[in-house]
Amino acid sequence: MNVKQRWRSIFLLSGGLILGAGCNSTPEPPPLVLDAGTDAGADAGADAGIDAGPDAGSEPEPDAGNVACADDGPVGDPGDAGVPDGATLLTPSDEVHTITWPPGGGVPVHFAFVARGCRHYDLTVEPGSLGYSVVLRDAAGTRLDSADQYSDSTSYPPSPRHWSGLERGAMHTFYLLPLNSHPRVPFQFRLVDRGADDHGDLLLRATPWTPSEKPFTGYGEHWRERDLLSFETTVDHVYALGCAFPNTSWELRFLNGQEKSQGVAYDVNDRETEGEARIKSLGGTYYASIQANSVFEPSRPYTCVLNDLGREDHGDTPEAATPVPAGTASVQGKIEVLGDRDVFALSVQPGHHYRVSSALRGQSQGRIQDAAPGGPFGTHPASAGIPASTSFKASQEMHYVEMTGTPALEAKYVTGNYTLQVEDQGLDDHGDTLDTATPIPDGPQTLSFRIANVIDHDVYTFQAIAGRRYQLDCPWKVSGAKHRPAVGFLDAEGAVQASTLEDREEVRWRAVFTAPQSATYALKFWTYFITSPGTVLGDMDCRFEALDP
């Protein structure tokens, strides 16, 4: 059965359409073919009064700031002329159309309608209907919209589709297909003309816009409809869309060419009438989506400005990192967009300890991470649960630091201005491992060491005799409160050994270790970030000796 014969089995019943034939499943059908001669004539007649004129061919490309959309009136009934073979012609109205799907669903039902200029059309599904798939095409067969609107419950009908910005006088087609393989009820829908709409809802019908300080005024004519405006971007530039609305019912989004949201702004508390969304461009065309409508109020104008804020201040990868020369004490930056990531390449001295901290203004909290060349960025123990700082021991002549912000979910984006403080804490005085440990000579010794930060471990080794006790006697480090390093005794394999810790005096503490056998043991110092986050214990002197038997 060919397409035309199959669609002759569709007939009208009670003001609706009843489908009487089908198959189990059908992939998306190819676009229906319009009659070339009829369509060409219709396009020529419809466009002649719009595009022709004394300056035809030399007109500047329209921009959102100077486009005025006006309804050109009814387009008339085309009759059967230009209606694609296999499609049913509809006149947008409040009429309810009914489709009874065949067993198993799977057969797409094609429809056609002629669009009026600057009008908004809703494909609205009636309560009681289940989910559906839809594809809308223009007269040339170009896909303008497609969606799978899921609903497995007759109590909650699928969302309507919003179609506007369609070419006046052009024949448009769409098909419907059930998403439920066993539809239980008839499918009812309306193709409704909702009235005037100054800007399109569809990506391919978006109004061109050029970023500038020039304000743009639009209207939110219908509930949940959007105005789409397209603009060209430059890679790594930041763009800000700021709008003032007549009420608190609004939403701003940036979309890419796949209609994926890249940036959004709205007021979660429904109190603000001004908002701003931002993106950092990957290049190419982006779309500004503006929803400014309230179900309780008539349409009133809104005003927006789209600004190119220029190139982001710092690169977001090690390859694009901002160089920071050795000896630099601080560097400034901005968190300009949600998800902004600023990377710096610090010139450092191998073997030195460094601490980097941030002071952020305008946003609640930032996060610093660091990485050696070729390694992953990570939150190191030096952060101590406080992401505004990190510490590292340089292993090469360059080390990377990454700064990210945490913008609050607010109606208007607030730039986070920050200063990074870079502190060279000096060369590591003792090794961090058993292999790089400092040997302790025989006899009583004074151990001098410096714990620069919470990743700094200082390790000593000593020869012990089985059953002999060894004592470590140290002063408290007083800096507003008493602090002391953590201390541990280890065997040659790194296993922790039992020891006792005593506060003998107000200003001193002692640790005692009894050697279980004659062997080499290690003594390790570090600091707990839980009890003293970010605390630099600095230079310390402890006395280490073997006690009398």
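Residues numbered from 1 in each chain as written. Predicted model: local features only at pLDDT ≥ 70, side-chain atom pairs only at ≥ 80, totals over all residues. Heavy atoms only, no water.

Peer 1: Any chance you could explain the layout of surface pockets here in plain terms?
Peer 2: Where empty space is left can be seen by rolling a probe of water-molecule size over the atoms. In this structure, the second largest pocket occupies an estimated 390 Å³ of space. Lining the second largest pocket are 16 residues, and of these Arg161, His162, Arg224, Arg226 and Gln291 lie nearest its centre. Those elements that provide at least two residues to the lining of the second largest pocket are strand E9 (161–164), strand E16 (250–255) and strand E19 (284–292). When residues of the lining of the second largest pocket are assigned to their parent elements, the largest contribution, three residues, is made by E16. Residues of the lining of the second largest pocket, tallied by class, amount to three nonpolar, five polar and eight charged. (1 Å grid on protein atoms, 1.4 Å probe; cavity = no way out; pocket = protein on both sides within 12 Å on 5 of 7 lines; lining within 4 Å. Points joined across faces, edges and corners; volume = space filled by probe spheres on them. Helix = DSSP H or I, 4+ residues; strand = E, 2+ residues; numbered from the N terminus. Nonpolar A, V, L, I, M, F, W, Y, C, P; charged D, E, K, R; others polar.)

Peer 1: What exactly am I supposed to notice about the packing of aromatic side chains here?
Peer 2: One pair of aromatic rings is described through two measures. These are the centre distance and the angle between the planes. Using the criterion set out here, one finds 28 aromatic pairs in the structure. When the centroid spacing of 6.3 Å and the interplanar angle of 5° are considered together, the rings of phenylalanine 113 and tryptophan 163 count as stacked. Here phenylalanine 113 is found in strand E5 (residues 109–114), whereas its partner tryptophan 163 is found in strand E9, with 50 residues between them in sequence. Just as phenylalanine 113 is buried, tryptophan 163 falls in that class too. A network of ring pairs unites the aromatic residues Trp101, Phe111, Phe113, Tyr121, Tyr132, Trp163, Phe174, Phe187 and Phe189 as a single cluster. Across from the ring centre of phenylalanine 377, 5.1 Å away, lies the NZ or CZ of arginine 341, which sits over that ring. (Phe/Tyr/Trp six-rings, centres within 6.5 Å; stacked < 30°, edge-to-face > 60°. Buried < 20%, exposed > 50% of the residue type's maximum accessible area, 1.4 Å probe, protein only. Lys NZ or Arg CZ within 6 Å of the ring centre and 35° of its normal.)

Peer 1: Help me out: how do you make sense of the state of the cysteines in this one?
Peer 2: Here a disulfide denotes one covalent bond, and it connects the sulfur atoms of two cysteines. Within the structure shown, the criterion is met by two disulfides. One disulfide bridge connects cysteine 243 with cysteine 304, the sulfur atoms lying 1.9 Å from each other. Here cysteine 243 and cysteine 304 share a disulfide; its torsion about the S-S bond, 110°, makes the bridge right-handed. Here cysteine 243, found in strand E15 (residues 237–244), pairs with cysteine 304, found in strand E20 (residues 301–311); they are 61 residues apart in sequence, far enough to count as distant. Judged by relative accessible area, cysteine 304 falls into the buried class, the value being 0%. There is a disulfide in this structure between cysteine 474 and cysteine 542, and the S-S distance comes to 2.1 Å. Taking the sign of the S-S torsion, 125° for the link of cysteine 474 and cysteine 542, the bridge is right-handed. Of this pair, cysteine 474 sits in strand E32 (residues 469–475) while cysteine 542 is found in strand E40 (residues 538–546), placing the two residues 68 residues apart along the sequence. (Disulfide = S-S within 2.5 Å.)

Peer 1: When you look at the side chain of histidine 237 in this model, what are you seeing that I'm missing?
Peer 2: Positionally, histidine 237 belongs in strand E15. Other than its neighbours up to four places away in sequence, histidine 237 contacts Ile279, Lys280, Ser281, Asp308, Gly310 and Arg311. (Contact = heavy atoms within 4.5 Å.)

Peer 1: What am I meant to see in the pairing of E9 here?
Peer 2: For a regular strand, side-chain orientation follows a simple rule: the groups alternate between the two sheet faces. Both faces of E9 are covered, namely the face carrying Arg161 and Trp163 and the face carrying His162 and Ser164. Two strands pair when backbone bridges link them, and strand E6 (residues 119–125) and E9 are joined in this way by four bridges, in the antiparallel orientation. In the sheet register, histidine 120 faces E9, and the bridge partner there is serine 164. (Pairing = 2+ DSSP bridges.)

Peer 1: What am I meant to see in the sheet that holds strand E17 (residues 261–265) here?
Peer 2: Think of a sheet as strands paired side by side through backbone hydrogen bonds, with each pair either parallel or antiparallel. Within the open sheet, the five strands sit side by side as E12-E14-E19-E16-E17. Their pairing is mixed. Each edge of the open sheet is held by one strand with a lone partner, namely strand E12 (207–208) and E17. Judged from the two bridges that link them, E12 and strand E14 (residues 227–233) form a sheet pairing that is parallel. Bridge pairing in E14 places proline 208 opposite serine 230.

Peer 1: Looking at this structure, I do not really get unusual backbone geometry. What am I missing?
Peer 2: Keep in mind that most residues, glycine aside, have a negative phi and that most peptide bonds are trans. Positioned with a positive phi, glutamate 259 is a non-glycine residue whose angle comes to about 65°. Mapped onto the elements of the fold, glutamate 259 is located in the loop between E16 and E17. Using a relative accessible area of 37% as the deciding quantity, one classes glutamate 259 as partly exposed. At aspartate 270, a position not held by glycine, the phi torsion is positive, near 55°. Taking the relative accessible area as the measure of exposure, aspartate 270 reaches 52% and is therefore exposed.

Peer 1: Quick question: what am I supposed to make of the pairing of strand E38 (residues 508–514) here?
Peer 2: Here E38 lies mainly inside the structure; five of its seven residues are buried. Pairing of E32 with E38 involves seven bridges; the strand directions are antiparallel. Bridge pairing in E38 places proline 475 opposite arginine 508. Across three bridges, strand E37 (residues 500–502) lies against E38 in antiparallel orientation. Paired with threonine 500 across the bridge in E38 is valine 512.

Peer 1: What's the story with the sheet that holds strand E28 (residues 416–427) in this structure? I'm lost.
Peer 2: One open sheet holds the four strands; their spatial order is E22-E28-E24-E26, and the pairing between them is antiparallel. Each edge of the sheet is formed by a strand with only one pairing partner; in this case those strands are strand E22 (330–335) and strand E26 (389–393). Here the strands of the sheet are splayed against their neighbours by 20° on average, with no regard to which way each runs. Examined bridge by bridge, strand E24 (residues 352–361) and E26 share five bridges and lie antiparallel to one another. Looking at the pairing, arginine 355 lines up with serine 391 of E26. (Axes fitted to C-alpha atoms, helices over the stretch in contact; angles between N-to-C directions.)

Peer 1: Help me understand the pattern of salt bridges, please; the structure alone is not making it clear to me.
Peer 2: Any two side chains of opposite charge can pair, so long as their charged atoms come close to each other. As enumerated under the stated definition, the model contains 22 salt bridges in all. Put simply, aspartate 94 and arginine 190 hold a salt bridge, and the shortest N to O gap is 3.5 Å. Of the two residues, aspartate 94 is situated in the loop between strand E3 (88–89) and strand E4 (97–99) and arginine 190 in strand E11 (residues 187–196); the sequence distance between them amounts to 96 residues. Taking the relative accessible area as the measure of exposure, aspartate 94 reaches 53% and is therefore exposed. (Salt bridge = Lys/Arg side-chain N within 4 Å of Asp/Glu carboxyl O.)

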